[in-house]
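What follows is each chain in one-letter form.
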Amino acid sequence: FDAMLATLRTLPARSVVLYTAPQPSTPLPGFHGRRRLAGVLPLDAWQRGGVASDEGWQALRERPVTAAAGIAQPERFFALLHEQGLALRTVALPDHHAFDTLPWDADTADVVVTEKDAVKLAGRNLGATRLWVAPLDFEPEPGFAAAVLRHLPARATR
């Protein structure tokens, strides 16, 4: 806690704080961001630059799904997937997991991962597994952009 307070004291007076969790992690006033999944799409479509949509959720709601996440707080990702009504088996992995071997059974039909993990799985032999990518969307609450702009120097217009 003392280290956190020392860090807070070094922040410039013109700082704007954006919290990514539901509750502030410091005593500083700030803005909250809303996390949600932008949708889901198959790995190959994601690799081609496809856009995630809600259509994939319907297909996944009708069958068992494994969710694997090698991120700092995988439970946040799993909670967002649960909100979509998926029947999940979760595989929480260490942050920055390399995926040298697949952490799910070879006969697993559908697996959903984050974009961070999809990068590591692209081009891999996944056997019969259909890999789905669920991109995270993050939206700061209203007022955040205006607060940031107030702290930027004014630009001369021609």
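Structure shown above.
Here the structure is a predicted model, which means the values were calculated and not measured.

**A look at the environment of Gly123**
Looking at the element boundaries, Gly123 is found in the loop between α5 (115-121) and β7 (130-133). Exposure remark for Gly123: the relative accessible area of 76% places this residue in the exposed category.

**Points about the side chain of Thr129**
Along the polypeptide, Thr129 turns up in the loop between α5 and β7. In terms of polar contacts, Thr129 uses its side chain to reach the backbone carbonyl oxygen of Thr108, at 2.7 Å.

**Here's the deal with the packing of aromatic side chains**
This structure, assessed with the given rule, holds two aromatic pairs. Ring centres 5.8 Å apart and planes at 75° place the aromatic pair Phe31 and Phe144 in the edge-to-face group. One end of the pair, Phe31, is in strand β2 (residues 31-37); the other, Phe144, is in helix α6 (residues 144-151), and 113 residues separate them in sequence. Owing to a relative accessible area of 18%, Phe144 belongs among the buried residues under this scheme. Aromatic pair Phe77 and Phe78: ring centres 6.1 Å apart, planes at 50°, arrangement tilted. Considered together, Phe77 and Phe78 belong to a single accessibility category, that of buried residues.

About the cut-offs
Residues numbered from 1 in each chain as written. Predicted model: local features only at pLDDT ≥ 70, side-chain atom pairs only at ≥ 80, totals over all residues. Heavy atoms only, no water. Helix = DSSP H or I, 4+ residues; strand = E, 2+ residues; numbered from the N terminus. Buried < 20%, exposed > 50% of the residue type's maximum accessible area, 1.4 Å probe, protein only. Polar contact = N/O pair within 3.5 Å; in protein donor to acceptor, adjacent residues only side chain to side chain. Phe/Tyr/Trp six-rings, centres within 6.5 Å; stacked < 30°, edge-to-face > 60°.

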